[in-house]
Amino acid sequence: MRAWPQLAPLIPDLDITILRENTEGFYPDRNLAWGYGEFKPTGGVGLSLRVITAPACERFARFAFEYASTAQIDRLVVIHKRTALPQTEGIFIGAFERLHPEYPNIQLELVRIDTFSSSFPRDPHRYRLVAATNLFGDILSDQASGLAGGVGIAPSLNAGVDHAMAQAVHGTAPDIAGKGIANPSALILSTALLLNWFYQRTRIEGCRETARLLDRGVRNAIASGAATADLGGDASTDEFATAVIAALEAA
């Protein structure tokens, strides 16, 4: 997530990537082959199941190290709460510690979630690449988006070994469906992330160049004054898209 100077970000030069393990953790609907991992044995008692497995953690840890290596980032920060969740967080952290010797040029730092949450806004340049479990990653990516200019322009990518799916950080907005006022920025920028992911696997230069053009097109459109209502403007979805296309044609 890079800051958007056009949107008066709280941290004007923010540049951070948050990697989120997205298949398990404190998202109970993703933990079981059958059923739902949250339930109420009685009317006044609710239980939620958190599943952390070594294979998923190792897959995620390797992805994080490989991402750091490819992006030439020499420091990887792993977010945890091992003091409160020693068994599950121990498995998560252990995967990074076991793989770390294979990546001697990357520094590994373990930071508690509460420490990160308080220090990140005050010292944002300390963090360039962050890896977290599912729920922590969900919350921290929104925090970073808010500091960079707003969640409405935050892209994301669900990246697997062989498949990937792009989607906006903010999710769906059914309350404004069909009104022509939605901000398409995050979806366009998420598409750019998908093209970069595809480039890493195919080395088709056109994918990387198109990703750069899409990113630049959205940024230049906003810089020109085009903004949907959530960004403080009055442009419709179609009008904003037209501004992006004009910026692409001018690039």
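Refer to the structure above for everything that follows.
Owing to the predicted nature of the structure, the values given are computational and were not obtained by experimental measurement. Numbering of residues starts from 1 in each chain and follows the order in which that chain's sequence is written. With the structure being a predicted model, the display of local features is reserved for residues of pLDDT at least 70 and the display and counting of side-chain atom pairs for 80 or more, all residues being used for whole-chain, interface and lining totals. Hydrogen atoms and water are omitted, and side-chain values are computed over all heavy atoms in the structure.

What follows concerns the overall build of the protein chain. Going along the chain from the N terminus, every DSSP run of H or I of four or more residues is numbered as a helix, and every run of E of two or more is numbered as a strand. A count of helices and strands for the protein chain gives 7 helices and 8 strands. Overall, the C-alpha framework of the protein chain stretches about 55 × 50 × 35 Å when taken along its three principal axes. By sequence separation, contacts in the protein chain at least 24 residues apart represent 67% of the contacts at least 6 residues apart. A distance of 5 Å separates the average location of the 22 positive side-chain charges in the protein chain from that of its 27 negative side-chain charges. Here a residue-residue contact requires only that any non-hydrogen atoms of the pair lie within 4.5 Å. Counting rule applied: Lys, Arg positive; Asp, Glu negative; His and chain ends not counted. One atom stands in for each charge, and that atom is NZ of Lys, CZ of Arg, CG of Asp or CD of Glu.

A separate point is the packing of aromatic side chains. Aromatic rings from Phe, Tyr and Trp, with only the six-membered ring used for Trp, were paired whenever their centres fell within 6.5 Å, and each pair was classed as stacked if the ring planes differed by under 30 degrees, edge-to-face if by over 60, and tilted otherwise. This structure, assessed with the given rule, holds 9 aromatic pairs. When the centroid spacing of 6.3 Å and the interplanar angle of 35 degrees are considered together, the rings of Phe63 and Tyr67 count as tilted. On the criterion of helical spacing, the pair formed by Phe63 and Tyr67 is a turn pair, its members being 4 residues apart in helix α1 (residues 54–70). Using a 1.4 Å probe on the protein chains alone, a residue whose accessible area is under 20% of its type maximum counts as buried, one over 50% counts as exposed, and one in between counts as partly exposed. In this structure Phe63 comes out as partly exposed when scored by relative accessible area, which is 28%. Ring geometry for Phe120 and Tyr127: centres 6.2 Å apart, planes at 80 degrees, overall edge-to-face. Taken together through their ring pairs, the aromatic side chains of Phe60, Phe65, Phe92, Phe96 and Tyr103 make up a single cluster.

Quick look at the nonpolar core now. Membership of the largest hydrophobic core comes to 38 residues, with the highest contact counts inside it found for Ile16, Ile79 and Phe116. For this core, the secondary-structure elements that each account for two or more residues are β4 (75–80), α3 (113–119), β6 (129–132), α4 (134–148), α5 (185–202), α6 (205–223) and α7 (237–250). The residues contacting Ile79, other than those within four sequence positions of it, are Phe92, Val111, Ile113, Phe116, Val130, Ala131, Ala132, Phe136 and Leu140. Only buried residues count toward a nonpolar core. Its members are Ala, Val, Leu, Ile, Met, Phe, Trp, Tyr and Cys residues joined through side-chain atoms within 4.5 Å. With 20 residues, the next largest nonpolar core counts Phe60, Phe96, Leu99 and Ile106 among its residues.

Here the focus is the pattern of salt bridges. By definition, a salt bridge exists where a carboxyl oxygen of Asp or Glu is found within 4 Å of a side-chain nitrogen of Lys or Arg. Counted by the stated rule, this structure contains 12 salt bridges. We note a salt bridge from Asp15 to Arg128, for which the minimum N-O separation is 3.7 Å. Here Asp15, found in the segment before β1 (17–20), pairs with Arg128, found in the loop between α3 and β6; they are 113 residues apart in sequence, far enough to count as distant. The class of Asp15 is partly exposed, set by a relative accessible area of 31%.

Glancing now at the side chain of Arg75. By the element assignment, Arg75 lies in strand β4. Owing to a relative accessible area of 16%, Arg75 belongs among the buried residues under this scheme. From its side chain, Arg75 meets the backbone oxygen of Arg126 in a polar contact 2.2 Å long. Contacts described as polar in this section are N or O atom pairs within 3.5 Å, which, within protein, must combine one atom able to donate a hydrogen with one able to accept it, while residues neighboring in sequence count only if both atoms come from side chains.

Sheet faces and side chains relate simply in a regular strand, where the side chains alternate between the two faces. Two strands pair if DSSP finds at least two bridges between them. With 5 bridges connecting them, strand β7 (residues 155–159) and strand β8 (residues 164–168) associate as antiparallel partners. Following the sheet pairing, Ala159 is matched in β8 by Ala164. Between β7 and the antiparallel strand that follows it, β8, lie 4 residues.

Our focus in this paragraph is the packing of α1 against helix α2 (residues 86–99). Taken N-terminus to C-terminus, the directions of α1 and α2 make an angle of 50 degrees; their axes are 8 Å apart at the nearest point. The orientation of α1 with respect to α2, classified from their angle, is oblique. Remark: the crossing between α1 and α2 carries right-handed chirality. In this structure, α1 uses Ala54, Cys57, Glu58, Phe60, Ala61, Arg62, Ala64 and Phe65 to contact α2, whose residues at the interface are Ile91, Phe92, Ala95, Phe96, Arg98 and Leu99. Here the contact of α1 with α2 is composed, by residue class, of 11 nonpolar, no polar and 3 charged. Comment: axis = line fitted to C-alpha atoms, over the contacting stretch for helices; angle = value between 0 and 180 degrees taken between N-to-C directions. Note on angle classes: values under 35 degrees are labelled roughly parallel, values over 145 roughly antiparallel, values of 65 to 115 roughly perpendicular, and the remainder oblique. Crossing handedness: left-handed means the near helix sits turned counterclockwise from the far one by under a right angle, and right-handed means the same turn made clockwise. Polar here means any residue other than Ala, Val, Leu, Ile, Met, Phe, Trp, Tyr, Cys and Pro, which are nonpolar, and Asp, Glu, Lys and Arg, which are charged; Gly is therefore polar.

Take it as geometry only, folks, not as evidence of what the structure does.
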